[in-house]
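Understanding the architecture of this molecule
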Amino acid sequence: MTDNFDTFNDHPAQEGVAPDRWASALHLFDNGVGVSHEETVLERWERAQLLFEARDYIGAARLLPAVVEEVPEQTGPRLLLARAYYHSAQLRRAEEQLRQIIDRDPVEHYAHLMLGRTLERQGRGDEAAPWLRMAAAFSGELPAQD
């Protein structure tokens, strides 16, 4: 009879734990067995980041609006929401979030770049050009003048 521990390492995990399962398991036993756990804004934010890193952009986009609503003054969650929208082809929603970021923080160069790329992806190249030039100026990548 073989000991199960002897064969355990013969079968390593193939892909690892799915990010959403890992994040939800983090607090499985915090309140005791049978006691539900209400997810905090920080936990939702962390879970959304894990989903985004795992390229589950739609999953991240489902979680992030509640985070943005809780902390509207924070740029990070709104920018991640815009990126999740962009990568899940929800371009109008991405545009809306990016414009809000730029209205609140006009020197957020990544938001300018993303807005330009979002407009380009929608076939609105003429509208995208000034945003891309502004992003280039912020990053010091202005084209040489003749």
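Heads up: the structure comes first, above all this text.
Residues numbered from 1 in each chain as written. Predicted model: local features only at pLDDT ≥ 70, side-chain atom pairs only at ≥ 80, totals over all residues. Heavy atoms only, no water.

Next up on the list: the overall build of the chain. Within the chain, the regular secondary structure consists of 8 helices and 0 strands. Taken from N to C terminus, the helices and strands of the chain fall in the order α-α-α-α-α-α-α-α. A burial count over the chain gives 30% of its 146 residues as buried. The contacts of the chain with a sequence gap of at least 6 include a subset with a gap of at least 24, amounting to 45%. Accessible surface computed for the chain: about 10100 Å², of which carbon and sulfur atoms make up 51%. (Helix = DSSP H or I, 4+ residues; strand = E, 2+ residues; numbered from the N terminus. Buried < 20%, exposed > 50% of the residue type's maximum accessible area, 1.4 Å probe, protein only. Contact = heavy atoms within 4.5 Å. Areas by Shrake-Rupley, 256 points an atom, 1.4 Å probe, with all protein chains shown as cover.)

Within the secondary structure, Gln-97 is located in helix H6 (residues 91-104). Take Gln-97: its relative accessible area is 8%, and that puts it in the buried class.

Phe-52, Ala-60, Ala-61, Leu-64, Leu-81, Ala-84 and Tyr-85 are the most contacted members of the largest nonpolar core, which has 15 residues in total. Those elements that place two or more of their residues in this core are helix H3 (41-53), helix H4 (57-70) and helix H5 (75-87). Looking at this core element by element, the count peaks at 7 residues for H4. Once residues within four sequence positions are removed from consideration, Ala-60 is found in contact with Ala-48, Leu-51, Phe-52 and Ala-84. Among the nonpolar cores identified, the runner-up in size contains 11 residues, and Ala-82, Ile-101, Leu-115 and Leu-119 belong to it. (Core = buried A, V, L, I, M, F, W, Y, C linked by side-chain atoms within 4.5 Å.)

In this section: a nonpolar patch on the surface. A contiguous nonpolar surface patch, about 270 Å² in accessible area, is contributed by Val-107, Met-134 and Phe-138. For Met-134, the location among the structural elements is in helix H8 (residues 125-139). (Patch = residues over 30% accessible without salt bridge, like charges linked within 9 Å, V, L, I, M, F, W, Y side chains within 5 Å. Salt bridge = Lys/Arg side-chain N within 4 Å of Asp/Glu carboxyl O.)

Next up on the list: the pattern of salt bridges. All chains considered together, the criterion is met by 7 salt bridges. Among the ionic pairs, Glu-39 bridges to Arg-47, the shortest N-O distance being 2.8 Å. When its relative accessible area of 25% is taken as the criterion, Glu-39 is described as partly exposed. The residue Arg-92 makes a salt bridge to Glu-95 at a minimum N-O spacing of 4.0 Å. Placement of both Arg-92 and Glu-95 in helix H6 is noted, with a separation of 3 residues, approximately one turn of the helix. Taking the relative accessible area as the measure of exposure, Arg-92 reaches 57% and is therefore exposed. Residue Glu-95 is classed as buried on the basis of its relative accessible area, which comes to 9%. Taken together, the shared-partner salt bridges connect Arg-92, Glu-95, Arg-99, Arg-124 and Glu-127 into one network.

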